[in-house]
Amino acid sequence: ELWDTVERFVNSRVADMFGNAQSLLLMAEKLKVGTEGERQMLVQSRKKLEAGEYGASIAQLNDCLEATSSGLRNAFGSRAEGINNLAEQAKEAGIDFTKVEETFSKAKAMSDKGDFDGAFSNLGIAESEARSILAKGLTAKFEALKQRAIVLKGYGVSVSEPIAGV
């Protein structure tokens, strides 16, 4: 009876690990992260499990999970770099990027914990917020420059063509 309980527990745990690995692989594929090697690891792990090699199966499955997680972290890092670049541009232009930084901070914390679903969801929100805030901020800055040019023209100051075209 104890053996049956242990076996059910191990089978349940291994099934959870396979499900997690498959979910991570699907997410990685959706994000265009290469997963061919990880897919092979998953196939090998299943074969080892079917052959009764539980330890080897779990070890292979752990390797698959680690490799897939690493690929997702790299993808997150690449997109995070884009947010950081936009944050620099916003800072240089004097645009408040606090909302984006808060959402990005949540995304980073989730990524660090391995919650890639939440991490990429929040990262997408941060990217959308960043584009919107930056576009609105730059539009406001250009409008202010245009108004300033109009005032200067009114005082008889010669305004160059590029500024007058703004």
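One can find the structure itself at the top, above this paragraph.
1. Looking at helix α4 (residues 98–113)
Relative to the 22 Å expected for 16 residues at 1.5 Å per residue, α4 spans 23 Å between its end C-alpha atoms, a close match to the ideal helical length. Those residues of α4 lying buried are Val100, Thr103, Phe104, Ala107 and Ser111. For α4, the arc enclosing every buried residue in end-on projection is 100 degrees, short of the 170-degree limit, so these residues lie on one face. What points out from α4, more than 90 degrees from its buried face, is the exposed set Lys106, Asp112 and Lys113. Of the surrounding secondary structure, the elements contacted by the buried residues of α4 are α3 (54–93) and α5 (116–154). Gly114 sits one or two residues past α4 and shows a positive phi near 90 degrees.

2. Thoughts on the packing of aromatic side chains
Tallied over the full model, the rule gives two aromatic pairs. Each ring, one from Phe76 and one from Phe104, has its centre 6.4 Å from the other, and the planes form 5 degrees; the classification is stacked. On the criterion of sequence distance, the pair formed by Phe76 in helix α3 and Phe104 in helix α4 is long-range, its members being 28 residues apart. Each member of the pair, Phe76 together with Phe104, is buried. Aromatic side chains Phe76 and Phe120 sit 5.7 Å apart centroid to centroid with 80 degrees between the ring planes, which places their arrangement in the edge-to-face category. In this pair, Phe76 is assigned in helix α3 and Phe120 in helix α5, connecting sequence segments 44 residues apart. Residue Phe76 is classed as buried on the basis of its relative accessible area, which comes to 5%. Taking relative accessible area as the criterion, Phe120 reaches 8% and is therefore assigned buried. An aromatic cluster of three or more residues is present, and its members are Phe76, Phe104 and Phe120.

3. Comments concerning α5
A rise of 1.5 Å per residue sets the reference length of α5, with its 39 residues, at 57 Å; its end C-alpha atoms lie 56 Å apart and thus fit the reference within 8%. A positive backbone phi angle near 85 degrees is found at Gly156, which sits one or two residues after α5.

4. Details of the side chain of Thr68
You can see Thr68 is positioned in helix α3. At 2.8 Å, the side chain of Thr68 and the backbone oxygen of Cys64 are in polar contact. When neighbours within four sequence positions are excluded, Thr68 is seen to be in contact with Leu24, Leu25, Ala28 and Glu38.

5. Some details on the packing of α3 against α5
Put simply, α3 and α5 touch, their axes get as near as 10 Å, and they point 20 degrees apart. Relative to α5, α3 is oriented roughly parallel. In this structure, α3 crosses over α5, and the sense of that crossing is left-handed. The residues of α5 that touch α3, namely those facing Ser69, Leu72, Arg73, Ala75, Phe76, Arg79, Ile83, Leu86, Gln89, Ala90 and Ala93, are Phe116, Ala119, Phe120, Leu123, Gly124, Ala126, Glu127, Ala130, Leu134, Leu138 and Lys141. Within the contact of α3 with α5, the residues separate by chemical class into 15 nonpolar, three polar and four charged.

6. Section: the nonpolar core
Membership of the largest hydrophobic core comes to 33 residues, with the highest contact counts inside it found for Leu42, Leu72, Phe76, Phe104, Phe120 and Leu123. For this core, the elements supplying multiple residues, two or more each, are α1 (2–30), α2 (36–50), α3, α4 and α5.

7. With respect to the packing of α1 against α3
When two helices pack together, their arrangement is given by the angle between the helix axes and the distance between those axes. For the pair α1 and α3, interaxial distance at closest approach is 10 Å and the crossing angle is 30 degrees. Relative to α3, the element α1 is oriented roughly parallel. Helix-helix and strand crossings are classified by hand; for α1 and α3 the assignment is left-handed. Each of Glu7, Asn11, Val14, Met17, Phe18, Asn20, Ala21, Leu24, Leu25, Met27 and Ala28 in α1 lies in contact with α3, whose residues at this interface are Tyr54, Ser57, Ile58, Leu61, Asn62, Cys64, Leu65, Thr68, Ser69 and Leu72. Broken down by class, the residue content of the contact of α1 with α3 amounts to 14 nonpolar, six polar and one charged.

The rules we used
Residues numbered from 1 in each chain as written. Predicted model: local features only at pLDDT ≥ 70, side-chain atom pairs only at ≥ 80, totals over all residues. Heavy atoms only, no water. Helix = DSSP H or I, 4+ residues; strand = E, 2+ residues; numbered from the N terminus. Expected span 1.5 Å × (residues − 1). Buried < 20%, exposed > 50% of the residue type's maximum accessible area, 1.4 Å probe, protein only. Arc of directions from axis to C-beta. Contact = heavy atoms within 4.5 Å. Phe/Tyr/Trp six-rings, centres within 6.5 Å; stacked < 30°, edge-to-face > 60°. Polar contact = N/O pair within 3.5 Å; in protein donor to acceptor, adjacent residues only side chain to side chain. Axes fitted to C-alpha atoms, helices over the stretch in contact; angles between N-to-C directions. Parallel < 35°, antiparallel > 145°, perpendicular 65-115°, else oblique. Left-handed = near helix turned anticlockwise from the far one by under 90°. Nonpolar A, V, L, I, M, F, W, Y, C, P; charged D, E, K, R; others polar. Core = buried A, V, L, I, M, F, W, Y, C linked by side-chain atoms within 4.5 Å.

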